[in-house]
Amino acid sequence: MAMTTHFALILALLCSFLALYTPKPAQPVKPTYITTPTGYLMVLRQGDDVLANLKQVAIQEKIPSASFTGFGFVHPTFGFWNAQKKDYDPKSFRDTEMVSMTGSIAWKENQPALHVHAAVSDKNFNTFGGHVLALEVGTGSVEITITVHKKRLTRIVDKPTGATVLSLD
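This structure is a prediction, so every number in the text was calculated from the model and none was measured.

Regarding helix α2 (residues 50-60)
If you check which residues of α2 are buried, you get V50, L51, N53, L54, V57 and A58. When α2 is viewed along its axis, its buried side chains cluster within an angular range of 165° and face the same direction. Measuring from the side-chain oxygen of the N-cap residue of α2 to the backbone nitrogen of L51 gives 3.1 Å; that N-cap residue is D49. Of the residues flanking the end of α2, it is K62, one or two places downstream, whose phi is positive at about 50°.

As for the packing of aromatic side chains
For the structure shown, the criterion picks out 4 aromatic pairs. Aromatic pair Y33 and Y40: ring centres 5.6 Å apart, planes at 90°, arrangement edge-to-face. Owing to a relative accessible area of 16%, Y33 belongs among the buried residues under this scheme. Owing to a relative accessible area of 10%, Y40 belongs among the buried residues under this scheme. For the ring pair W81 and Y88, a centre distance of 5.0 Å and an interplane angle of 70° mean the geometry is edge-to-face.

Looking at the pairing of strand β1 (residues 33-36)
With 4 bridges joining them, β1 and strand β2 (residues 39-45) adopt antiparallel strand pairing. Residue pairing in the sheet places Y33 in a bridge with M42 of β2. What sits between β1 and β2 in their antiparallel hairpin is a turn of 2 residues.

Considering the side chain of N82
As for its position among the elements, N82 is in strand β3 (residues 65-82). For N82, a relative accessible area of 17% corresponds to the buried category. Only 3.2 Å separates the side chain of N82 from the side chain of D89, close enough to count as a polar contact. Excluding residues that lie within four positions of it along the chain, N82 makes contacts with D87 and D89.

Considerations on the environment of I144
Secondary-structure assignment places I144 in strand β7 (residues 127-149). Considering only alpha carbons, one finds I144 and G72, 72 residues apart in sequence, at a separation of 8.9 Å. The contact partners of I144, leaving out residues within four places of it in the chain, are Y40, L41, M42, L44, V50, L54, F68, T69, G70 and M101.

Quick notes on the pairing of strand β5 (residues 96-108)
As judged from the 8 bridges shared by β3 and β5, these two strands associate in the antiparallel manner. Residue G70 lies in a different strand from β5, and its bridge partner there is M101. One ladder, built from 11 bridges, connects β5 with strand β6 (residues 111-121); its direction is antiparallel. Note that in β6 the partner of S104 across the bridge is H115. Connecting β5 to the next strand, β6, in antiparallel fashion are 2 residues, including E109 with a positive phi near 55°.

So, the environment of N53
By the element assignment, N53 lies in helix α2. Note: C-alpha distance between N53 and Y33 (20 residues apart in sequence) is 9.7 Å. Aside from chain neighbours lying at most four places away, what touches N53 is T32, M42, L44 and D48.

Concerning the nonpolar core
Considering soluble globular proteins, one finds that nonpolar side chains tend to be buried as a cluster. Of all hydrophobic cores here, the largest spans 29 residues; its most connected members are M42, L54, F68, M98, M101, I144 and I146. When contributions to this core are tallied by element, the ones reaching two or more residues are β2, α2, β3, β5, β6 and β7. Ranked by the residues each element gives to this core, the list is headed by β7, at 6 residues. With near-sequence residues (within four places) excluded, F68 lies in contact with L54, M101, T102, G103, S104, I105, H115, V116, I144, T145 and I146.

Cut-offs applied
- Residues numbered from 1 in each chain as written.
- Predicted model: local features only at pLDDT ≥ 70, side-chain atom pairs only at ≥ 80, totals over all residues.
- Heavy atoms only, no water.
- Buried < 20%, exposed > 50% of the residue type's maximum accessible area, 1.4 Å probe, protein only.
- Helix = DSSP H or I, 4+ residues; strand = E, 2+ residues; numbered from the N terminus.
- Arc of directions from axis to C-beta.
- Polar contact = N/O pair within 3.5 Å; in protein donor to acceptor, adjacent residues only side chain to side chain.
- Phe/Tyr/Trp six-rings, centres within 6.5 Å; stacked < 30°, edge-to-face > 60°.
- Pairing = 2+ DSSP bridges.
- Contact = heavy atoms within 4.5 Å.
- Core = buried A, V, L, I, M, F, W, Y, C linked by side-chain atoms within 4.5 Å.

Take a look at the structure:
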């Protein structure tokens, strides 16, 4: 009789375990952007990588070049160009509201090449900004309007400064 009780207990535990760890049906993936008459409107959510999403839409939609603007809650990393090092000096912030972002999409070595600047404000209304090196969506969302241009533009390295610049050729 004890053997039957142990077996029933083990069976009940196994069923409970399987109920907890059975894969749930996949949730439908919500689109991050829609088409507009001039390009796209993108809405990103907490934890999303803004720059990676912009590059992804450029590849997916075969955007030749574009300008974009945006705003929302973010955790940014800005960079200030150090001409001596020919590289950016980074500074990161947490829990800020991006009051303005502007940028462009072009191409370099067959990959989307972004140039992004932004200004953010903290809870004390201190404002920081500059060249964006990384940008993660904080609480809430980030809204981005992408205006597509017909001509494919590229970025090249400016030899005297070492900076990557937009070429209109």
